[in-house]
Amino acid sequence: MEVILGVPFSYSINGEVRRLLEDFRDMINFCIDYAYRRKITSYARLRKGVYEEWKKRWDYSTHFCHSACKIALAMLKNHRRRSREGKPEARKLFMQLDPQLYKFYGDSIRISVKPRRFLYIDLKYGEYQRKFIDAWREGKLKTGEVTINEAKIIIPFKKDVDLTNPKDWIAIDVNESNVTAVSSNPHILKIESNLRTTHTTYFNIIRSIQKLSKFKPKTAERLLKKYSGRRKHKAADECHKISKKIVSFASEHKMGVVMEDLKGIRKRIDYGRRLNRRLHSWNFRKLQFYIEYKARLNGLPVIYVNPKGTSSLCPVCGGKLAPNGHRLVSCECGYEDDRDVIACLNMLRMRGAPLPPKALHEPLTVEVRGRDESL
Ligand SMILES: [Zn+2]
């Protein structure tokens, strides 16, 4: 199976690129208009129909015409599906380029505008992007159809992986001070994380800088930039370390990954204090994202389950759990366990995976400390 990950790179737009983006938007609208008036839905017919007029209006490589036709038809289809009146209009500046239209160099990209006429753009990248560039240089990844807008260039990296038919599933609970992973094997991984400490430390630093801004705005601005950057870097680094440990463990045991879907949850719904707190903090989605892309690159399936009830219901009998001390929760049926482990067990149950027999009474715990690099 082919796994594709779109990786965004920042760049500084210049006049030439902007003009190309504006022209491309006009091409899309031209194609939409042509197809709409003649009720064309086939790509071949549209391409053939617009080509002569397109060639007169724009002096670009023919591939731009292909791409504009493709996007125009997709927009029309989407418009019809939503049963809207009239025709859609492309307003935002963006374009998609076939592999024939660009050449990727790792830290820059070359766009073919017309034969022997090229635009060179330098790409800005951080740690995350650099890993993809390195893997691409080693020949482990290929690039696909590139998307360019005013702010970003999104490069899809493709990798052929053998999608593992998972022997087991591992549920991952991400919370403010640790990450818990449980499989039905049974393995319980507890990874202590510094994410919360990092978050608090920088929250305090940034707050005191903001106080300073009344008296020394210039200094405050400079410090704010510095520490915001450091916070971001530190958090990303933590997320990489934690996700790497979990995914190499899952990969070694050929496990699919189950996580809570925290994306679609609205603030007004009260899912309980524990979950609400997680939703309002900023790192959980980031960490989940790192786990997901690393897992996918390793050919491991990743699924999300509805988090409702994962930390309040008994994984054995389904009864309501009551707190029993700081970390423990217990049920009337006699079952008692760590609250994070319970959240994972409920996720496994929702996935239909068998519950680990041992974990029901005495969990086998594998402690993995945050700074240990051995896994
Ligand atoms: Zn119970």
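Everything discussed here concerns the structure shown above.
Structural notes, computed from the coordinates. These numbers were taken from a predicted model, which means no experiment stands behind them.

1. Section: a positive patch on the surface
Taken together, the side chains of Lys77, Arg80, Arg81, Arg82 and Arg84 define a basic patch exposed on the protein surface. With respect to the element layout, Arg84 can be found in the loop between helix H3 (62–81) and strand S2 (94–97).

2. Considering the coordination of the zinc ion
With distances of 2.2 to 2.3 Å, the protein atoms coordinating the zinc ion are Cys314 (SG), Cys317 (SG), Cys331 (SG) and Cys333 (SG). Metal-centred angles of 100 to 115 degrees between the four donor atoms at the zinc ion mark the site as tetrahedral. Coordination of the zinc ion draws on donor residues from a single chain, spaced C-x2-C-x13-C-x1-C in sequence. In this pair, Cys317 sits in the loop between strand S13 (302–305) and strand S14 (322–323) while Cys333 sits in the loop between strand S15 (328–330) and strand S16 (336–338), placing the two residues 16 residues apart along the sequence.

3. Some remarks on the sheet that holds S14
Here we have three strands laid out as an open sheet, ordered S14-S15-S16, and antiparallel in their pairing. With partners counted over all chains shown, the strands left at the sheet margins are S14 and S16, one partner each. Relative to S16, helix H9 (residues 339–351) is tilted by about 100 degrees, and along the sheet it contacts S14, S15 and S16.

4. Focus on the environment of Lys124
In this fold, Lys124 is placed in the loop between strand S5 (117–122) and helix H4 (127–137). Sequence spacing of Lys124 and Phe9 is 115 residues, and the spatial spacing of their C-alpha atoms is 5.9 Å. What Lys124 contacts, discounting residues up to four positions off in sequence, is Phe9, Ser10, Tyr11 and Ser12. Side-chain polar atoms of Lys124 contact the side chain of Ser12, separated by 3.0 Å.

5. Focus on the layout of surface pockets
Taken as a whole, the largest pocket holds about 860 Å³ of empty space. Glu127, Tyr128, Lys131, His240 and Tyr293 are, among the 30 residues lining the largest pocket, the residues nearest its centre. Of all the elements in the fold, those that place two or more residues in the lining of the largest pocket are H4, helix H6 (217–252) and helix H8 (284–297). Looking at the lining of the largest pocket element by element, the count peaks at nine residues for H6. Looking at the lining of the largest pocket residue by residue, the class counts come to 10 nonpolar, five polar and 15 charged. There are two domains that each give the lining of the largest pocket at least three residues, and those are domain 1 (2–160) and domain 2 (168–193 + 243–368).

Basis of the calculations
- Residues numbered from 1 in each chain as written.
- Predicted model: local features only at pLDDT ≥ 70, side-chain atom pairs only at ≥ 80, totals over all residues.
- Heavy atoms only, no water.
- Patch = residues over 30% accessible without salt bridge, like charges linked within 9 Å, V, L, I, M, F, W, Y side chains within 5 Å.
- Areas by Shrake-Rupley, 256 points an atom, 1.4 Å probe, with all protein chains shown as cover.
- Salt bridge = Lys/Arg side-chain N within 4 Å of Asp/Glu carboxyl O.
- Lys, Arg positive; Asp, Glu negative; His and termini not counted.
- Charge placed at Lys NZ, Arg CZ, Asp CG, Glu CD.
- Helix = DSSP H or I, 4+ residues; strand = E, 2+ residues; numbered from the N terminus.
- Donors = N, O, S within 2.8 Å, 3.2 Å for Na, K, Ca; no water.
- Tetrahedral: all angles 85-135°; square planar, octahedral: opposite > 155°, others 65-115°.
- Pairing = 2+ DSSP bridges.
- Contact = heavy atoms within 4.5 Å.
- Axes fitted to C-alpha atoms, helices over the stretch in contact; angles between N-to-C directions.
- Polar contact = N/O pair within 3.5 Å; in protein donor to acceptor, adjacent residues only side chain to side chain.
- 1 Å grid on protein atoms, 1.4 Å probe; cavity = no way out; pocket = protein on both sides within 12 Å on 5 of 7 lines; lining within 4 Å.
- Points joined across faces, edges and corners; volume = space filled by probe spheres on them.
- Nonpolar A, V, L, I, M, F, W, Y, C, P; charged D, E, K, R; others polar.
- Domains from an automatic or database assignment.

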